[in-house]
Amino acid sequence: MDAVFWIGLWAGLFIATHLVVSSSAIRPRLVAAIGALPYRGVYSLISFATFIPLTIVFLHHKHVGPMLWYLRGAAPMRWLAWIMMFAAFVVFTASLINPSPSGMGAEMSGAARSPVTPRGILKLTRHPGFVGLGLFGIAHLLMNGWLGDVMFFATFPALGIIGGTHQDTRKVRELGDSYRQLVAQTSIFPGAALWDGRQHWTVADTPWVAAAVGAGLTLLVVLLHPMLFGGNPLG
């Protein structure tokens, strides 16, 4: 079996295990059997058990399979990819500074059960962590059109879209009105709640620290990417 098959297999297992282990059919039983904190450990171990082999196979077989598109020679596409990487770093960092009530940590603290007034990055999206991963994947998809690369990097936006939707469904069922209110006030797709008037951005909502961290990380990737991964940045 060729490398493209193995990349696709591990990518599928990575997404599937996330959804199965956190599903409403499996998760409550595991939490009841072993406790909430051990469940987080099991969830993380299963994630690593699929993500690490996926990454290893990909790193040993970059640019395998037929080429579906080639945009590396287009300067606007390369700049777009860098802008998306910067945005990915900013949004992901902001998700750590201002965690979403949909996150596992909020649920552990009980915060997810209380009514939430969205602020900061949550006005942009209620799933900033997933959005950050999705932007990372799409930026790399623009610059890597080989089938194996596409399957690997598409895993991140796929997990963001499927995982965010799946999480919303489960949280509404488990938490009821408090989370249903959050869903009504915010959006998964970045900026949708701002666009349709459900939220209004203010200067106070701007994640200045996350923006500074994002700029620094982007510069670091520009400098270190060729050394660590070979080729051009994002390539």
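Attention here is on the structure that accompanies the text. Since we're looking at a predicted model, the values are computed, not measured. (Residues numbered from 1 in each chain as written. Predicted model: local features only at pLDDT ≥ 70, side-chain atom pairs only at ≥ 80, totals over all residues. Heavy atoms only, no water.)

Observations regarding the packing of aromatic side chains
- Evaluated as defined, the whole model comprises 10 aromatic pairs.
- For the ring pair phenylalanine 58 and phenylalanine 153, a centre distance of 5.3 Å and an interplane angle of 80 degrees mean the geometry is edge-to-face. Of this pair, phenylalanine 58 sits in helix H3 (residues 36–60) while phenylalanine 153 sits in helix H8 (residues 147–175), and the two are 95 residues apart along the sequence. Note on accessibility: phenylalanine 58 and phenylalanine 153 belong to one class, buried.
- For the ring pair phenylalanine 152 and phenylalanine 153, a centre distance of 5.0 Å and an interplane angle of 80 degrees mean the geometry is edge-to-face. Assigned by exposure class, phenylalanine 152 and phenylalanine 153 land together as buried.
- Clustering of aromatic rings is evident, with ring pairs tying together Phe14, Phe51, Phe58, Phe136, Phe152, Phe153 and Phe156. (Phe/Tyr/Trp six-rings, centres within 6.5 Å; stacked < 30°, edge-to-face > 60°. Helix = DSSP H or I, 4+ residues; strand = E, 2+ residues; numbered from the N terminus. Buried < 20%, exposed > 50% of the residue type's maximum accessible area, 1.4 Å probe, protein only.)

Thoughts on the nonpolar core
- Core analysis: the biggest nonpolar cluster contains 17 residues, and Ala81, Met84, Met85, Ile121, Leu135, Ala139 and Leu142 have the highest contact counts within it.
- At the level of elements, helix H4 (75–97), helix H6 (121–124) and helix H7 (128–143) are the ones that each hand at least two residues to this core.
- By size, the runner-up hydrophobic cluster in this structure holds 13 residues, among which are Val4, Ile7, Val150 and Phe153. (Core = buried A, V, L, I, M, F, W, Y, C linked by side-chain atoms within 4.5 Å.)

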